[in-house]
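Inside the fold
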Amino acid sequence: MREKIAQYLSYDPRNKLIFAPSLDQHLQSVDVGFELSKAIESDLTSKHLPLIAEDCLNNILLQSIKEDKIIGDYIAIENWGILFEPALKLNLVSIFDSHSKSNVLILVNCGQADYENFHLVSKHFNTTFPLGNLHPYILQ
């Protein structure tokens, strides 16, 4: 897996966004669902919840940067379905765009991606977001 990612990175893509069905044993991930829910737990009734959630998510991602000798700096996230919660109002395209420019951002096993949309769980589930100009690398 890391070798495939390194080959993709050799093309110097604008965004280094990777969808992966599982995580390579040499890489470490962060459980975004757990970390974000823990971070916003005391603010669930705040009218500023979307802003708080976005700040917390950005901090979680920045603190989760790891280094790998083959792919360089990366962030790998698992259990990220929480990012689709309507109450959080997260702009996922913007968040993924900003974090995948300077680091490899690996989104692990949370749904199905094609080159136009990401579908939470599967294409038959009603939660989708357009990938816009992110042009992800999709590992099968």
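Here we summarise the structure given alongside this text. (Residues numbered from 1 in each chain as written. Predicted model: local features only at pLDDT ≥ 70, side-chain atom pairs only at ≥ 80, totals over all residues. Heavy atoms only, no water.)

1. Digging into the pairing of strand β4 (residues 72–78)
- In this sheet, β4 lies alongside strand β2 (residues 30–31) in parallel orientation, the contact comprising two bridges. Bridge pairing links V30 to I77 in β4.
- Looking at chain direction, strand β3 (residues 66–68) and β4 are connected through three bridges and run antiparallel. Residue pairing in the sheet places E67 in a bridge with D73 of β4.
- Two successive antiparallel strands, β3 and β4, enclose a turn made up of three residues.
- Where β4 and strand β5 (residues 104–108) come together, four bridges link them in parallel fashion. Within the sheet, the bridge partner assigned to Y74 lies in β5 and is V104.
- Taken together, β4, helix α4 (residues 92–102) and β5 constitute a β-α-β crossover, and its handedness is right-handed. (Pairing = 2+ DSSP bridges. Helix = DSSP H or I, 4+ residues; strand = E, 2+ residues; numbered from the N terminus. Right-handed = clockwise from strand over helix to strand, strands pointing away.)

2. A look at unusual backbone geometry
- The backbone of N79 shows a phi angle near 55°, a positive value even though the residue is not glycine.
- Inspection of the secondary structure puts N79 in the loop between β4 and α4.

3. Things to note about the packing of helix α2 (residues 32–40) against helix α3 (residues 49–63)
- Between α2 and α3, the shortest axis-to-axis distance is 10 Å and the interhelical angle comes to 130°. What the angle tells us is that α2 and α3 run oblique. Between α2 and α3 lies a crossing of right-handed hand. Across from V32, E35, L36, A39 and I40 in α2, the residues of α3 making contact are L49, I52, A53, C56, L57 and I60.
- Of the residues assigned to the contact of α2 with α3, the class counts are ten nonpolar, no polar and one charged. (Axes fitted to C-alpha atoms, helices over the stretch in contact; angles between N-to-C directions. Parallel < 35°, antiparallel > 145°, perpendicular 65-115°, else oblique. Left-handed = near helix turned anticlockwise from the far one by under 90°. Contact = heavy atoms within 4.5 Å. Nonpolar A, V, L, I, M, F, W, Y, C, P; charged D, E, K, R; others polar.)

4. Notes on the pattern of salt bridges
- A full pass over the atoms with the stated rule returns five salt bridges.
- Residue D24 is joined to R2 by a salt bridge in which the shortest nitrogen-to-oxygen separation is 3.8 Å. A residue pair is termed long-range when its members are at least 10 positions apart, and D24 in the loop between β1 (17–20) and β2 and R2 in helix α1 (residues 2–9) qualify at 22 residues. The same class applies to D24 as to R2, namely buried.
- In the salt-bridge network here, residues are joined through shared partners; they are R2, D24 and D68. (Salt bridge = Lys/Arg side-chain N within 4 Å of Asp/Glu carboxyl O. Buried < 20%, exposed > 50% of the residue type's maximum accessible area, 1.4 Å probe, protein only.)

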